[in-house]
Amino acid sequence: MKRILRIIGIGRKQSLTGLAAWLILLIPLTGLTYSALSFNFQYIDDPTGGFASRGWLNSSSLFQTNILAALNEWGERIDSNETIVVDVVSDFGIARAGGTFTFGRFLGTAPGGEAIWEPGPLTRILTGNNPGESSFGFDVKLSFNPTFVENTYWFDPQPELRIDPVQSNKGDLISVVMHEFGHGLGMAGNRSFSAGNYGQINGSFMSLYDSLTYFGGNGNPLAPGGSPNPMFFSGPVAAAAHGSDVPVTFVAQGAFLASQNFYHLSTCQGTDGLDGSLMNGCAIPNGERIPLTDVDLAIFEDQGYPMAAVPIIPGDFNGDGLINGADLALWEIGYGTTSGAVAMDGDADFDEDVDGADFLIWQEGSTASPFVAAASVPEPSTIAHVAIGIACVQFCCHVSPRTGFRGPNG
Ligand SMILES: [Zn+2]
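Values in this document were obtained by computation on a predicted structure and should not be read as measured data.

Regarding the overall build of the chain
Phase 1: Per the secondary structure count, the chain includes 13 helices and 16 strands.
Phase 2: Looking at the chain residue by residue over its 410 residues, the buried ones come to 46%.
Phase 3: Across the chain, the fraction of contacts at a sequence separation of at least 24, relative to all contacts at a separation of at least 6, is 61%.

Written out as structure tokens, the structure is:
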């Protein structure tokens, strides 16, 4: 349990007088708590010592502290005190990284006759137990190719703060782990990548996520001419967050991004606004942190995850209940926005811009932050490195979910 600054009910259009009142309330209110997931990690090396040779079996290594920080980003958004069992596996046999889960409960039968299974981590959260973990030893499994990780990703030196600039020619490891953990929480399943039944459920069972996705056009994965139909996630919370059923990555066999099919967001055509989401199937850009968006979260709320109500605290731009350097980083990125800004952009006074007034509110609230003593309002020139564009793009990041997918029979 974590004690937080809990202030509920602030409106978008707050008067300055009202704002001052809120600032006075920015003191810890003892006894007010909220739940957050915990994690029980099991680091499992390969026979050649891919983890050990890099020091990654040490719990204080940046590899492990970055993974913990990534999972905490999710954990703070899920209202549960359960502990998720996470295997972190060294695997040179995969191209990059992957995330998967064991099945928890049988939920029912789909119209096509397939059994629908609940993701094990969700079953644990809802019932306190995951039968899949009893069989396979984990709720979620994250797999990493150590060579790829070492060469491709940037390890955040302050993973709890996330304020250092991401190295411009590398991907942010925490973002990648967050993405893989999203697969591990349930965004994986049992659709086929094979020509004969491309896009169909491959066998007699499916994941809950599978059961919430469908194809447009004639309702089959492929149109009569053989081209892929659009694919959507149908959950109502996600649809409300996006404005319509959420486009899922689905391209023809052998096409660019085909490995991202079924279990990622966005068509990657640049038209749906989802190509910057955490669970996008388009790219994890170098030099950037990838946000956990409302649509990302909604995919899991629609599956039944109890989502934490995030209190709105002026200055807590990332909504994690703390006012710290991570919020300052968001303010820096948003600094100079003149209209339409929201809290995540660094708007603390709800006037829809991001300026020095917002910084001062952050500074007032961040009394626990080591940055306060030295902080002043940076000029735009000093923060330009945060906002400049991306030179390189690398593609997402994992084994196809089916290969790591654990059905009820293994
Ligand atoms: Zn992925």
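On we go from here.
Considering helix H2 (residues 62-75)
Phase 1: Its 14 residues place the ends of H2 19 Å apart at the C-alpha level, agreeing with the 20 Å of an ideal helix rising 1.5 Å per residue.
Phase 2: Those residues of H2 not exposed but buried are Phe63, Asn66, Ile67, Ala69, Ala70, Leu71, Glu73, Trp74 and Gly75.
Phase 3: Along its buried surface, H2 packs onto strand E3 (38-44), strand E4 (83-90) and helix H6 (173-185).

Quick notes on the pairing of E3
Phase 1: With seven bridges joining them, E3 and E4 adopt parallel strand pairing. Residue pairing in the sheet places Asn40 in a bridge with Val85 of E4.

Quick look at the packing of H2 against H6
Phase 1: Running from N to C, H2 and H6 point in directions that differ by 55°, and their axes come no closer than 8 Å. Taken together, H2 and H6 sit at an angle that is classed as oblique. Considering the relative orientation of H2 and H6, their crossing is right-handed. Touching Asn66, Ile67, Ala69, Ala70, Leu71, Glu73 and Trp74 of H2 are Leu173, Ile174, Val177, Met178, Phe181 and Leu185, all from H6.
Phase 2: Residues that form the contact of H2 with H6 fall into these classes: eleven nonpolar, one polar and one charged.

Quick word on the packing of helix H10 (residues 325-334) against helix H11 (residues 356-365)
Phase 1: At a minimum axis distance of 11 Å, the contact between H10 and H11 shows a crossing angle of 180°. As far as their axial angle goes, H11 and H10 are roughly antiparallel. Along its contact with H10, which presents Asp327, Leu328 and Trp331, the element H11 presents Asp358, Phe359 and Trp362.

Side note on the sheet that holds E4
Phase 1: With mixed pairing, four strands are arranged side by side in an open sheet as E3-E4-E8-E5. Because the sheet does not close on itself, it has two edges, and the strands there are E3 and strand E5 (97-101). On average, each strand axis in the sheet is tilted by 20° relative to the strand beside it, whichever way the strands run.
Phase 2: The sheet contact formed by E5 and strand E8 (residues 140-144) spans five bridges and is antiparallel.

Some details on the environment of Phe350
Phase 1: Among the secondary structure elements, Phe350 is positioned in the loop between H10 and H11.
Phase 2: For the pair Phe350 and Gly340, spaced ten residues apart in sequence, the C-alpha separation works out to 9.8 Å.

Observations concerning the nonpolar core
Phase 1: Membership of the largest hydrophobic core comes to 69 residues, with the highest contact counts inside it found for Val177 and Phe181.
Phase 2: For this core, the element with the highest residue contribution is H6, accounting for seven residues.
Phase 3: Among residues more than four places away in sequence, those in contact with Val177 are Asn66, Ile67, Ala70 and Leu142.

Some details on the environment of Leu328
Phase 1: Examined against the element boundaries, Leu328 turns out to sit in helix H10.
Phase 2: Expressed as a C-alpha distance, the spacing of Leu328 and Phe317, which sit eleven residues apart in the sequence, is 8.0 Å.

Quick look at unusual backbone geometry
Phase 1: Positive phi outside glycine occurs at Phe262, with the angle close to 80°.
Phase 2: Along the chain, Phe262 falls in the loop between strand E14 (246-248) and strand E15 (284-285).
Phase 3: We note that Cys268 has phi near 65°; this positive angle belongs to a residue other than glycine.

Details of the sheet that holds strand E11 (residues 205-207)
Phase 1: Spatially, three strands are ordered E6-E7-E11 in an open sheet, and the strand pairing comes out mixed. Edge positions in the sheet fall to strand E6 (103-109) and E11, since each has one partner strand and no second. On average, each strand axis in the sheet is inclined to that of its neighbour by 35°, with strand direction left out of account.
Phase 2: Here strand E7 (residues 115-119) pairs with E11 via three bridges, running parallel. Counted as the bridge partner of Trp117 is Ser207 from E11.

As for helix H9 (residues 294-301)
Phase 1: For H9, the tally of buried residues reaches six of eight residues, placing the bulk of the element in the interior.
Phase 2: Among all positions in H9, only Val295, Asp296, Leu297, Ala298, Ile299 and Phe300 are buried.
Phase 3: The elements touched by buried residues of H9 are H6, strand E13 (231-233), helix H8 (236-242) and E14.

A closer look at the environment of Val86
Phase 1: In this fold, Val86 is placed in strand E4.
Phase 2: Classification of Val86 by C-beta neighbours within 10 Å gives buried; the count is 22.
Phase 3: For the pair formed by Val86 and Phe39, sequence separation is 47 residues and the distance between their alpha carbons is 6.7 Å.
Phase 4: In contact with Val86, not counting residues within four places along its chain, are Phe39, Asn40, Phe41, Leu71, Phe138, Asp139, Val140 and Leu142.

Side note on the confidence of the model for the chain
Phase 1: Here the chain averages 82 in pLDDT, and 80% of its residues register 70 or above.
Phase 2: The low-confidence segment residues 1-33, where pLDDT is below 50, has 40 contacts with residues more than four positions distant or belonging to other chains.
Phase 3: Across residues 368-410, confidence stays below pLDDT 50; counting only partners more than four residues off in sequence or on other chains, it has 88 contacts.

Topic: the pairing of E5
Phase 1: The buried count for E5 comes to five of five residues, which makes it a mostly enclosed element.
Phase 2: Burial of E5 is two-sided: the residues Ala97, Gly99 and Phe101 facing one way and the residues Gly98 and Thr100 facing the other way are all buried.

Rules of the game
Residues numbered from 1 in each chain as written. Predicted model: local features only at pLDDT ≥ 70, side-chain atom pairs only at ≥ 80, totals over all residues. Helix = DSSP H or I, 4+ residues; strand = E, 2+ residues; numbered from the N terminus. Buried ≥ 20, exposed ≤ 12 C-beta atoms within 10 Å, placed from the backbone. Contact = placed C-beta atoms within 7 Å. Expected span 1.5 Å × (residues − 1). Pairing = 2+ DSSP bridges. Axes fitted to C-alpha atoms, helices over the stretch in contact; angles between N-to-C directions. Parallel < 35°, antiparallel > 145°, perpendicular 65-115°, else oblique. Left-handed = near helix turned anticlockwise from the far one by under 90°. Nonpolar A, V, L, I, M, F, W, Y, C, P; charged D, E, K, R; others polar. Core = buried A, V, L, I, M, F, W, Y, C linked by C-beta atoms within 7 Å. pLDDT = per-residue confidence, 0-100.

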